[in-house]
Amino acid sequence: DYNLDVVQDIRARLVALATTSPGYTSVLMQGSGTFAVEAAVGSMMPKSGGRLLVCVNGAYGERIVTIAKYLGINSTVLDFGELNRVDPVLLANAIDAEPSITHVAIVHNETTTGMMNPLPETAMVVKTKGKILMLDAMSSFGGMPIDLAEIGVDVLISSANKCIQGVPGFGFIITRRNLIEEWKGNARSLSLDAFEQWQTMEKGHGKWRFTSPTHVVRAFQQALNELDEEGGIVARHARYSESQRILVRGMESLGFKAMLPVEHHSPIITAFFNPASQEYHFDEFYRRLKKRGFVIYPGKVSQADCFRIGTIGEVYPDDIRRLIGAVKESIWW
């Protein structure tokens, strides 16, 4: 069946993007990226004897905490605040303080602010302590080079509609084959049982347990082809990075201030403080930019007045230059 061949092609290509080392596999899960995160958390954590340490510095770390609560999973929260990166030293101390911790969850790019967490340093801590590392790479995988085996990531989750530039409809989990084999019987959900989904795809050569998101799968294969045509992840990362540099430089030239120090920026999304002028209103700014063909994101940070601009997707440096021109035209305060 050609449809099954497409699934198998996607699964193999995802693993190839994630690492050059053998022993890894992937499983696709219907739904949004959060479905895939919940499937991973609920399937990898043993029903007894496990504890998940969640590093939090934004809304998506908080979401993992919420998932663990819903599923009745023992968890510990290490909260760094929305404007700070995950600190490897504090992470090491937290693991030492609670010997029952078996798994650690980190969001790679926390799009609440655009914060890029220090992956190699934090992964080194988790590996040194002998724990399993789960990486929410929703907004980074496909747009930033990551070698799971080299860095020490055990479980990676991402989604069809982010840096690989497919359309929404499924997420995916990439993990070590010998690890996912241990997940049997762990799941707290029938439809979000990542082990059973993986088993079905393995034995059925690409078969889905329940109705497949056919059109999304086809679109994703095309998106993978386009990623190859662009020159792979390294080339895409270079494009995203150049767009983000132009964005920050252009916005700052117009008086906007980036929320994070430049060394914490990601090429994915950037948060800017709202202007202090009493005449400024985000809704009006948003409306003026939308009228000129650009859509920006409202702020997601609880302790700061801000907005965000993304630089991923089918967006090129010239598009960002046009955006800066549109921002200049939209300023009325």
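Residues numbered from 1 in each chain as written. Predicted model: local features only at pLDDT ≥ 70, side-chain atom pairs only at ≥ 80, totals over all residues. Heavy atoms only, no water.

Report on helix 3 (residues 59-70), specifying residues and quantitative values.
The terminal C-alpha atoms of helix 3, which comprises 12 residues, lie 16 Å apart, in line with the 16 Å expected from a rise of 1.5 Å per residue. Among the residues of helix 3, Gly61, Ile64, Val65, Ile67 and Ala68 are the ones counted as buried. End-on view of helix 3: buried residues confined to an arc of 160°, all on one side of the axis. Opposite the buried face of helix 3, by more than 90 degrees, sit the exposed residues Lys69 and Tyr70. Tucked inside the fold, the buried residues of helix 3 contact helix 2 (33-44), strand 2 (52-56), strand 3 (75-79), strand 4 (103-107), strand 5 (109-110) and strand 7 (132-136). In the segment just after helix 3, Gly72 is the residue with positive phi, at about 70°. (Helix = DSSP H or I, 4+ residues; strand = E, 2+ residues; numbered from the N terminus. Expected span 1.5 Å × (residues − 1). Buried < 20%, exposed > 50% of the residue type's maximum accessible area, 1.4 Å probe, protein only. Arc of directions from axis to C-beta. Contact = heavy atoms within 4.5 Å.)

Account for the side chain of Ser158, with residues named and values stated.
With respect to the secondary-structure elements, Ser158 resides in strand 8 (residues 155-159). The exposure class of Ser158 is buried, given its relative accessible area of 1%. There is a polar contact of 3.2 Å between the side chain of Ser158 and the backbone oxygen of Met138. When near neighbours in sequence (up to four residues on either side) are disregarded, Ser158 contacts Ala36, Ala137, Met138, Phe141, Gly171 and Phe172. (Polar contact = N/O pair within 3.5 Å; in protein donor to acceptor, adjacent residues only side chain to side chain.)

Quick one: what's the story with the pairing of strand 1 (residues 24-30), residue by residue and with numbers?
The buried fraction of strand 1 amounts to seven of the seven residues, a majority that puts the element mostly inside the structure. Residues Tyr24, Ser26, Leu28 and Gln30 line one face of strand 1 and the alternating positions Thr25, Val27 and Met29 line the opposite face, and both faces are buried.

Describe in detail the side chain of Ser330, supporting the description with residues and values.
Summarising the element assignment, Ser330 is placed in helix 12 (residues 317-330). If we ignore the near neighbours within four places in the chain, the residues touching Ser330 are Phe285, Arg288, Leu289 and Arg292.

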